[in-house]
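Secondary and tertiary structure notes
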Amino acid sequence: MKNDFIKIKPPLWILLELTHKCPLECNYCYNQLDFALTKDVMKKEDWFRVMEEAREMGAVQLGISGGEPLLNKDIVQIIKKANDLKFYTNLITSGVGGEKGIIKKLKNAGLKTVQLGIQSHDKETMTLITNNKSAYDKKLEIAKEIKDEGLQLIINTCITRENIHQIADIIDFAEELGANYLEIANIQYYGWALKNVDSLLPTKEQILQAKKTCDYYREKKTNMKVFFVVPDYFEERPKPCMNGWGTTFLTINPDGNALPCNTANTLPLHFPNVKDFSIKEIWNDSEAFNFFRGDAWMPDPCRTCPEKEKDFGGCRCQAYALTKNMKATDPVCSKSPDHDNLQKLVKDSLKDMNKKPLYRNRKNSLIFINKE
Ligand code: SF4
Ligand code: SF4
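Residues numbered from 1 in each chain as written. Chains lettered and ligands numbered in written order. Predicted model: local features only at pLDDT ≥ 70, side-chain atom pairs only at ≥ 80, totals over all residues.

Remarks on the overall build of the protein chain
Counting secondary structure elements, the protein chain contains 15 helices and 9 strands. Compactness check: the protein chain gives a C-alpha radius of gyration of 20 Å against a globular reference of 21 Å for 372 residues, within 12% of the reference. Counting the 372 residues in the protein chain, one finds 46% classified as buried. For the protein chain, restricting intrachain contacts to residue pairs at least 6 apart in sequence, the fraction spanning at least 24 positions comes to 74%. (Helix = DSSP H or I, 4+ residues; strand = E, 2+ residues; numbered from the N terminus. Rg over C-alpha atoms; globule rule 2.2 N^0.38 Å. Buried ≥ 20, exposed ≤ 12 C-beta atoms within 10 Å, placed from the backbone. Contact = placed C-beta atoms within 7 Å.)

Section: the site of ligand 2
Around ligand 2 lies a shell of 14 residues, among which C302, C305, E307, K308 and C333 are the nearest. Taken together, the residues of the shell around ligand 2 break down into 5 nonpolar, 3 polar and 6 charged. (Near = placed C-beta within 6 Å. Nonpolar A, V, L, I, M, F, W, Y, C, P; charged D, E, K, R; others polar.)

Quick notes on the pairing of strand β1 (residues 13-17)
Side-chain direction in a regular strand flips from residue to residue, so the side chains alternate between the two faces of the sheet. Relative to strand β2 (residues 61-65), β1 runs parallel, the two sharing 5 bridges. Looking across to β2, one finds that W13 is bridged to Q61. With helix α1 (residues 44-57) bridging β1 and its parallel neighbour β2, the resulting β-α-β unit is right-handed. With 4 bridges connecting them, β1 and strand β8 (residues 249-252) associate as parallel partners. What sits directly across from W13, in β8, is F249. (Pairing = 2+ DSSP bridges. Right-handed = clockwise from strand over helix to strand, strands pointing away.)

Topic: the site of ligand 1
The full set of residues close to ligand 1 is C22, L24, E25, C26, C29, N31, G66, G67, E68, S94, G117 and R360. Of the residues in the shell around ligand 1, the class split is 4 nonpolar, 5 polar and 3 charged.

Some details on the packing of helix α6 (residues 167-176) against helix α9 (residues 204-221)
Running from N to C, α6 and α9 point in directions that differ by 35°, and their axes come no closer than 9 Å. Considering only the axes of α6 and α9, their crossing is right-handed. Residues I167, A168 and I171 of α6 lie in contact with α9, whose contacting residues are A210, T213, C214 and Y217. (Axes fitted to C-alpha atoms, helices over the stretch in contact; angles between N-to-C directions. Left-handed = near helix turned anticlockwise from the far one by under 90°.)

Overview of the sheet that holds strand β9 (residues 258-259)
Strands sit in the order β7-β6-β5-β4-β3-β2-β1-β8-β9 across an open sheet of 9 strands; the sheet is mixed. The open sheet has two free edges, formed respectively by β7 (225-229) and β9, since each of these has just one partner strand. Contacts between helix α5 (residues 135-148) and the sheet are confined to β4 (113-117) and β5 (152-159), with β4 contributing the most and set at about 165° to the helix.

A look at the pairing of β7
Of the two faces of β7, the one holding V226 and F228 is buried and the one holding K225, F227 and V229 is not buried anywhere. With 5 bridges joining them, strand β6 (residues 181-186) and β7 adopt parallel strand pairing. Bridging from a neighbouring strand, A185 pairs with V229 of β7.

A short note on the packing of helix α2 (residues 75-84) against helix α3 (residues 102-109)
Where α2 contacts α3, the two axes come as close as 8 Å, and the packing angle between them is 25°. Here α2 is positioned roughly parallel relative to α3, judged by the angle of their axes. For the pair α2 and α3, the crossing hand works out as right-handed. Residues V76, I79, K80 and N83 of α2 form the contact with α3, whose own contacting residues are K105, L106 and A109. For the contact of α2 with α3, a count of residues per class yields 4 nonpolar, 1 polar and 2 charged. (Parallel < 35°, antiparallel > 145°, perpendicular 65-115°, else oblique.)

Some remarks on unusual backbone geometry
Along the chain, G66 connects to G67 via a cis peptide bond; the corresponding omega equals 25°. Geometrically, the link from D300 to P301 is a cis peptide bond, its omega value of 10° lying close to zero. The backbone of F312 shows a phi angle near 55°, a positive value even though the residue is not glycine. Within the secondary structure layout, F312 lies in the loop between α12 (308-311) and α13 (316-323). One non-glycine residue with positive phi stands out, namely K324, at about 65°. Considering the arrangement of structural elements, one finds K324 in the loop between α13 and α14 (339-349).

Here's the deal with the environment of Q152
With respect to the helices and strands, the residue Q152 is situated in strand β5. On a C-alpha basis, the gap between Q152 and E307 in space is 36 Å, while along the polypeptide they are 155 residues apart. Not counting residues within four places of it along the chain, the set of residues in contact with Q152 comprises K112, T113 and N180.

Here it is in structure tokens:
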């Protein structure tokens, strides 16, 4: 479907998911439940071509993620190519799974920033969340390497009911590790996180307390930048998802599928593959990328809502996950006819605060696939 009516701006930010394999099994992982089907077909040369084409269109920021991107043996050459193309490069990593000295090699290849996932200041909690006993020591080691190499260190802490009581300790810990920024992100409920919502969702009171602690630290105790991301299940309006569908972000997954955001392949749309089409064709002309551009697709209440330019009707993946209708108003919005169902989901999810989550691993992914 060619879109002749909407002015299409080029992608600015591209994210390469180098693999969906990961040594950790975080129970809040946003990756799709059927990730075990991913075949990692993209070769180094394919990634090079994707970067060249995206850069030609005007992309400037490049994220490298996964699964765990350090497991891709070509990662140094991919970063080098990105740097030669003058992308600003950001590695999003668990810190586990890379060869010794990898950070130095990546720095020499041109890497600028590392976003490192740290789930807790304490080993026991980190092991509980990641199901990996060596994660803690390896993350500490790599945090030191990042600082020794003079790279910008962003620590990302995903918050669930398993670590929300540790906010103050986590902020102190991030400061000790020398973080330039700390992002305390109450998780969004997609993929494994949605599967585990009834064992991960904190209460509203816990979130308010966590926010208070962050505010206190920002005002009185730390010069480090601390961001606090509120979970939208407790909001009345949705977030402006991806700055609007097909306006800014382009993700390429390990099988070469091009997506407007990294969870979009949960939607019943056919996403084009970079092995079949150029980035320009995909971005400008593919049916999937044009599907939610503009507002013609919106049903009411969004269609006639004065706020539609602000939030674009919310997140399509969330709308589909919660209503099975990908055009529905995001149920987070209090104007959505499904808002009451979301509130019921929240209430039900908080019934058993001791419920244990499932780990994100191949075995559980295969169980999910075979049940589908
Ligand atoms: S969230 Fe955890 S399991 Fe998922 S890709 Fe990241 S490190 Fe791996
Ligand atoms: S009705 Fe739609 S456009 Fe209006 S605030 Fe809610 S989600 Fe946003």
